[in-house]
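These are the residues of each chain, in order.
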Amino acid sequence: MNCPACGNELTQKLAGNIIVDVCEGGCGGIWFDRFELDKVDNLEETEGESLLNITKSPEVEVNPDLRRYCPKCRSIPMMRHYYSIKKQVLIDKCPSCAGVWLDAGELAEIRSQFRSEQEKEIVTEQYIANIVSKYMGR
């Protein structure tokens, strides 16, 4: 597979019990197959620490505004959206295979948002309750 951001060939890296594809020596991005990101997306999941320092080449520049295509599905353009309700990190997700591409540094940003899955659920529930109360006029 080739990197959707810089075209470099992706290499496999073991993180706990998952194998992800990384752009080692290129732009430093990471490809997660469906549901893999959920296993390393908060501080409580220590397996994700091994993915925080992917070697990045200083010569490789990535234009964040360019549309990315799924490295697995190849011809499918990925959708860009916020990872969580905190709306701090934009990710690229394939609408076909549900894989996720993270640019260099985005995993660290995602992991810093929530300490645990429980904290993420609480914040999400509070956010939804706030929207519902505004909608209901309370």
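Residues numbered from 1 in each chain as written. Predicted model: local features only at pLDDT ≥ 70, side-chain atom pairs only at ≥ 80, totals over all residues. Heavy atoms only, no water.

A. Quick look at the overall build of the protein chain. The helix and strand inventory of the protein chain stands at 2 helices and 6 strands. Helices and strands in the protein chain line up, N terminus first, as β-β-β-β-β-β-α-α. Considering the protein chain as a whole, with its 138 residues, one finds that 36% of them fall into the buried category. Partitioning the intrachain contacts of the protein chain with sequence separation of at least 6 by distance along the chain shows that 52% fall at a separation of at least 24. (Helix = DSSP H or I, 4+ residues; strand = E, 2+ residues; numbered from the N terminus. Buried < 20%, exposed > 50% of the residue type's maximum accessible area, 1.4 Å probe, protein only. Contact = heavy atoms within 4.5 Å.)

B. Geometry of the nonpolar core. Within the largest apolar cluster, 17 residues are counted, with the highest numbers of intra-cluster contacts made by Ile-30, Phe-32, Leu-37, Leu-51, Leu-102 and Leu-107. Elements represented by at least two residues in this core include exactly strand 2 (18-22), strand 3 (30-32), strand 6 (100-102) and helix 1 (106-113). The element that contributes the greatest number of residues to this core is strand 2, accounting for 3 residues. Not counting the four nearest positions on each side in its chain, Phe-32 is found in contact with Val-20, Leu-37, Val-40, Leu-51, Gly-99, Val-100, Leu-102 and Leu-107. Ranked by size, the runner-up nonpolar core spans 9 residues in total, among them Cys-23, Trp-31, Cys-70 and Cys-94. (Core = buried A, V, L, I, M, F, W, Y, C linked by side-chain atoms within 4.5 Å.)

C. Structural detail: a nonpolar patch on the surface. Taken together, the side chains of Tyr-127, Ile-128, Ile-131, Val-132, Tyr-135 and Met-136 make up a nonpolar region of the molecular surface, amounting to roughly 630 Å² of accessible area. If you trace the backbone, Ile-128 turns up in helix 2 (residues 117-135). What makes Ile-128 partly exposed here is its relative accessible area of 47%. (Patch = residues over 30% accessible without salt bridge, like charges linked within 9 Å, V, L, I, M, F, W, Y side chains within 5 Å. Areas by Shrake-Rupley, 256 points an atom, 1.4 Å probe, with all protein chains shown as cover. Salt bridge = Lys/Arg side-chain N within 4 Å of Asp/Glu carboxyl O.)

D. Representation of the environment of Cys-97. If you trace the backbone, Cys-97 turns up in the loop between strand 5 (90-93) and strand 6. Overall, Cys-97 belongs to the partly exposed group, its relative accessible area being 21%. When the C-alpha atoms of Cys-97 and Tyr-69 are compared, they prove to be 12 Å apart, with 28 residues separating the residues in sequence. The contacts of Cys-97, once residues within four sequence positions are left out, are Trp-31, Arg-34, Cys-70, Lys-72 and Cys-73.

E. Here's a closer look at helix 2. Helix length check: helix 2 (19 residues) gives 27 Å between terminal C-alpha atoms against 27 Å at 1.5 Å per residue, within 8%. Backbone geometry just after helix 2 places Gly-137 at a positive phi near 80°. (Expected span 1.5 Å × (residues − 1).)

F. Broad picture of unusual backbone geometry. Phi angles above zero are rare outside glycine, and Arg-74 is one such case at about 60°. Tracing the chain through its elements places Arg-74 in the loop between strand 3 and strand 4 (79-82). Positive phi is not limited to glycine here, since Lys-87 has a value of about 55°. Along the chain, Lys-87 turns up in the loop between strand 4 and strand 5.

G. Examining helix 1 more closely. When we look at burial in helix 1, the residues that qualify are Glu-106, Leu-107, Ile-110, Arg-111 and Gln-113. The buried residues of helix 1 occupy an angular sector of 155° when the element is viewed end-on, so they sit on one face. As for helix 1, its buried residues are in contact with strand 3, strand 5, strand 6 and helix 2. (Arc of directions from axis to C-beta.)

From the geometry alone we can't say anything about function, so treat these as descriptive.
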